[in-house]
Amino acid sequence: MSSVTRPRREADFARFPSSTPIVIDNGASTFRIGWAGEAEPRLSFRNVVQRPRHRSTGETVSIVGDTDPSLMKFFDCTRSAVRSPFDDDVVYQFEYMEYILDYGFDRLGANSEVGHPILMTECECNPSFSRVRMSELLFETYGVPSIAFGIDNAFSYKYNQKLGNCNEDGLAISCEHGTCHVVPFLKGQPVLGACCRTNVGGFHITDFLRQLLSLKYPYHMASITWDKAEELKKEHCYIALDYMAELQIFKNNKEEADEKMRYWQLPWVPPPKDEPPSEEELARKAALKEKASQRLRDMAAAKRSQKIVELEKQLSYLEEVMEQLDEAEEQEATAILGRSGYLSQQEIKSAILKATQSLRKAKGESNGNDEKTDASAADKYPLVSVPDETLTPEQLKEKKKQILLKTTTEGKLRAKQKRAEEEALREKQEEKRRAENPELYLEELRSRYSELSEKFEQRKRQKVNGGQTNGNHSSSGGVGRGERLNAAQKERMRLLASAAFDRGKGEDTFGMRDEDWLVYNKMSKDNDDDSNDDDESELVRIASKLQEIDPTFVSKSEAVQLTPEPPKIRPLTAEDYRIAIGIERFRCPEVLFQPGMIGIDQAGIDEMVSISLRRLMEDESVKERLCQSILVTGGSSLFPGMIPRLESGIRQYRPYLAPLKLVRAADPILDAWRGAAAFAASSKFGKQTFSLADYREHGENLFHRYNIVYSP
């Protein structure tokens, strides 16, 4: 599946005789294939392969070239990346190369075998290993009768020489997808011993642009894909004549920098505005709320009815047991109690009273306060009113415990009542003092409020940070839980630990003495020092008094609540979805002249010209003649400003006032294929090929002495 220039044409393939060569420009970026002698290739697509799985069938498919986004949604591409058969413009992955050749020959109209001579382009000084594997693939898989290889730069230079753009002696600067080459030509022939290569090309520019934009806009990384970066590079990037001067423009001259800025607007949908709901919407929500409330009420009524039935059954059973106990004798009564699970008639009476109150509550009937108190006491301390003669030793222990706890609780209630009476008396006294001297009363309240506030804050800090007096702090400043406990809590923890440690040691004699049960009073959390609660309630009372007297008074708790909340997250606007491309426009193509910007320690293309001229070992007149005919080709040569920047850079390595002329190829992208197609249509093509018979006779040794095609 791929987007191609033309559909499969079997009729066209059959129309050409078997002696007509097929021309393939096997570039690292684009694969072009067509017939010799034609002006345009029949097929052109990206030289990549992808093998995703179909979402429904799970079948793995091979996708060659450009992809259609509307069709890719049917495939799972998360586990398959886009693969290229090239590594620095040299073919290494011949498995992917076979997929690409299959697709190209199929769209050209070939069936099982190709049966036509092949002319294929390659980069300068291509390794013999790559050429051997490519020939083996074409001979063994596709039945090609003969093959010839040629340098793409040489074809482009000779084609432009025919057009009059360059001379017989000159230089070819090729800025390709993965590499850049400089090749000198003498008398129309390339001097391969003097050529120069740098592993920087259009791929590195695109990848550098993608990385810069991803770092600049990390929240839009999903939108900044490699394909989109390639598109932005072709549309907006240019080469600065003076890189440092261009940087100063963006640093100092804001107006000129704004003119050079380019913007890419990502899709953005404005958030919906919060409008007040209409009356119909409010009525609909009210109806839904009422419906839900009615459903909950029905569920509660059903549950209450079920509970009433269960309580009535329980009450009926307990009354029946009481009747049996009243009529039965002592031994029979003991058996009835054993079957019912109760210890005494008093316990059954308490259960009947509790069930009766629960039943009245479930039915919505009111209970008296005295009955509630009695029921609560009987429920909490059921053994207090049971005679000692009817209890076992274990029950006697439990009864003593309940008596002690009941006495303690009643004492607390009496103390609470006493505090309430004292509070009422204090209120009367304060009202009297307030009437006598309001200003003095207000000052006393404020002083008392400040004192309690400081005491309360200090207590809170101690709970968080621990005490500062025992010296048991760790080196990190942290404290243990025991350092944050008050005296009552520490004593309770000691008693609990002691009880757990003594459990199971010897005979258990606990409870034989009445004072043993005082331990429960100390262990009870209800017996903690209530000073914290008292201080807090007193603080609240004084604050309310101060607010009553002084309307401008604000308590500390309210002051904390009135602290303004931090600003909420700003809603995203169209500006947040706009990607600005400024310095990146000329910074990314600058890697062609300064590869060290991306960590490649090699020469730039302007310095490569000087290196190539030094390798020629010719006199200065020959070098001057070469510099008067410099052809710039390749896809990266299309950047605006490429020719002036190259001329400026090369002049730095040439003598003062030395002649220099640079020209861009007529079509930097297609000239290599057109030059190869013109040569394949000439009579010299057959002398430059080697056949299948030669390959089978000589094997790999044939390629070590094979001279590549470079001239018609």
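Each residue is numbered by its place in its chain's sequence as written, counting from 1. Confidence filtering applies because this is a predicted model: local features only for residues at pLDDT of at least 70, side-chain atom pairs given and counted only at 80 or more, and all residues used for totals across whole chains, interfaces and linings. Values shown for side chains rest on all heavy atoms present in the structure; no hydrogens or waters enter the calculation.

## Thoughts on the overall build of the protein
- Helix and strand definitions follow DSSP, with helices as H or I runs of at least four residues and strands as E runs of at least two, each counted in order from the N terminus. Broken down by element type, the protein carries 26 helices and 20 strands.
- When contacts within the protein are restricted to residue pairs at least 6 apart in sequence, long-range pairs at least 24 apart make up 67% of them.
- Surface accessibility in these figures is a Shrake-Rupley result with a 1.4 Å probe; residues are shielded only by whichever protein chains are displayed. Accessible surface, the protein: about 42100 Å² in total, of which carbon and sulfur atoms supply 51%. We call two residues in contact whenever any of their non-hydrogen atoms come within 4.5 Å of each other.

## Focus on helix 10 (residues 279–327)
- One fewer than the residue count of a helix, multiplied by 1.5 Å, yields its expected span. Between its first and last C-alpha atoms helix 10 spans 71 Å; for 49 residues at 1.5 Å apiece the expected length is 72 Å, and the two agree.
- Using a 1.4 Å probe on the protein chains alone, a residue whose accessible area is under 20% of its type maximum counts as buried, one over 50% counts as exposed, and one in between counts as partly exposed. Among all positions of helix 10, only I308, L311, L315, L318, V321, M322 and L325 are buried.
- On its buried face, helix 10 sits against helix 11 (330–340) and helix 12 (345–363).

## Quick look at the nonpolar core
- Grouped together as the largest cluster of nonpolar side chains are 54 residues, with contacts concentrated most on I605, M642 and L646.
- Counting residues per element, this core draws most heavily on helix 21 (residues 605–616), at six residues.
- An automatic or database domain assignment provides the domain bounds reported here. For this core, the two domains that each supply at least three residues are domain 2 (166–201 + 596–664) and domain 3 (202–270 + 574–591).
- Excluding residues that lie within four positions of it along the chain, L646 makes contacts with I173, F593, I605, D606, V632 and L662. For our purposes a nonpolar core is just a set of buried Ala, Val, Leu, Ile, Met, Phe, Trp, Tyr and Cys residues, chained together by side-chain atoms within 4.5 Å.

## So, a negative patch on the surface
- A contiguous patch of negative charge, built from E319, E320, E323, D326 and E327, is present on the exposed surface.
- With respect to the helices, strands and loops of the structure, E319 is situated in helix 10. Note that patches include only residues with greater than 30% relative accessible area and no salt bridge, and the join distances are 9 Å for like charges and 5 Å for nonpolar side chains (Val, Leu, Ile, Met, Phe, Trp, Tyr). Only one rule defines a salt bridge in this text: a Lys or Arg side-chain nitrogen within 4 Å of an Asp or Glu carboxyl oxygen. Only four residue types enter the charge count: Lys and Arg as positive, Asp and Glu as negative, with His and the chain ends excluded. For charged residues, the charge sits on one atom: NZ in Lys, CZ in Arg, CG in Asp, CD in Glu.

## A short note on the pattern of salt bridges
- Inspection of the entire model under this criterion finds 24 salt bridges.
- Measuring nitrogen to oxygen at the nearest pair gives 2.6 Å for the salt bridge that ties E40 to R674. Here E40 is found in the loop between strand 2 (30–35) and strand 3 (43–46), whereas its partner R674 is found in helix 24 (residues 671–680), with 634 residues between them in sequence.
- By relative accessible area, R674 is classed as buried at 16%.
- Residue D671 pairs with R674 through a salt bridge whose shortest N-O separation is 3.9 Å. In this pair, D671 and R674 are both assigned in helix 24, three residues apart and thus about one turn of the helix distant.
- Salt bridges here are not isolated pairs; linked through shared partners, they connect E40, D667, D671 and R674.

## Comments concerning the packing of helix 5 (residues 152–162) against helix 24
- Simply put, an axis is a line fit to the C-alpha atoms, just over the touching stretch for a helix, and the angle between two N-to-C directions goes from 0 to 180 degrees. The N-to-C vectors of helix 5 and helix 24 enclose an angle of 80 degrees; their axes lie 7 Å apart at closest approach. Here helix 5 lies roughly perpendicular to helix 24, going by the angle between them. In this structure, helix 5 uses D152, F155, S156, Y159, N160 and K162 to contact helix 24, whose residues at the interface are D671, A672, R674, G675, A676, A678 and F679.
- Lys, Arg, Asp and Glu make up the charged group, whereas Ala, Val, Leu, Ile, Met, Phe, Trp, Tyr, Cys and Pro make up the nonpolar group; the residues left over, Gly among them, are polar. The class makeup of the residues in the contact of helix 5 with helix 24 is six nonpolar, three polar and four charged. Orientation is classified from the angle alone, with under 35 degrees giving roughly parallel, over 145 giving roughly antiparallel, 65 to 115 giving roughly perpendicular, and any other angle giving oblique.

## Quick notes on the packing of helix 3 (residues 94–108) against helix 4 (residues 128–142)
- For the pair helix 3 and helix 4, the least separation of the axes is 11 Å and the interaxial angle reads 45 degrees. Judged on the interaxial angle alone, helix 4 and helix 3 are oblique. Both helix 3 and helix 4 take part in a crossing whose hand is right-handed. In this structure, helix 3 contributes F94, M97, E98, L101, D102 and F105 to the contact, and helix 4 contributes S130, R133, M134, L137, L138, T141 and Y142.
- Here the contact of helix 3 with helix 4 is composed, by residue class, of eight nonpolar, two polar and three charged. With the far helix as reference, a near helix turned anticlockwise by less than a right angle produces a left-handed crossing, and one turned clockwise produces a right-handed crossing.

## Considerations on the confidence of the model for the protein
- Chain-level statistics for the protein give a pLDDT mean of 82 and a share of 82% at 70 or above.
- Scored from 0 to 100, pLDDT records how confident the predictor is in each individual residue. Taken together, the stretch residues 369–375 has pLDDT below 50 and engages in six contacts with residues farther than four places along the chain or on a different chain.
- Note on residues 467–483: pLDDT is under 50 here. Beyond four places in sequence and across chains, it has 15 contacts.

## Quick look at the pairing of strand 10 (residues 118–122)
- For strand 10, the tally of buried residues reaches five of five residues, placing the bulk of the element in the interior.
- What you see with strand 10 is no split at all: I118, M120 and E122 on one side and L119 and T121 on the other are buried throughout.
- In this analysis, strands are considered paired if DSSP registers two or more bridges between them. Of the strand pairs in this sheet, strand 1 (residues 22–26) and strand 10 are connected by three bridges, and their pairing is parallel. Paired with I22 across the bridge in strand 10 is I118.
- Sheet topology places strand 10 next to strand 11 (residues 146–151); five bridges connect them, and they run parallel. Residue pairing across strands places M120 opposite F149, the latter belonging to strand 11.
- For crossovers, right-handed means that the path from the first strand over the helix to the second runs clockwise, given strands pointing away from the viewer. In this fold, the crossover linking strand 10 to strand 11 by way of helix 4 has right-handed handedness.

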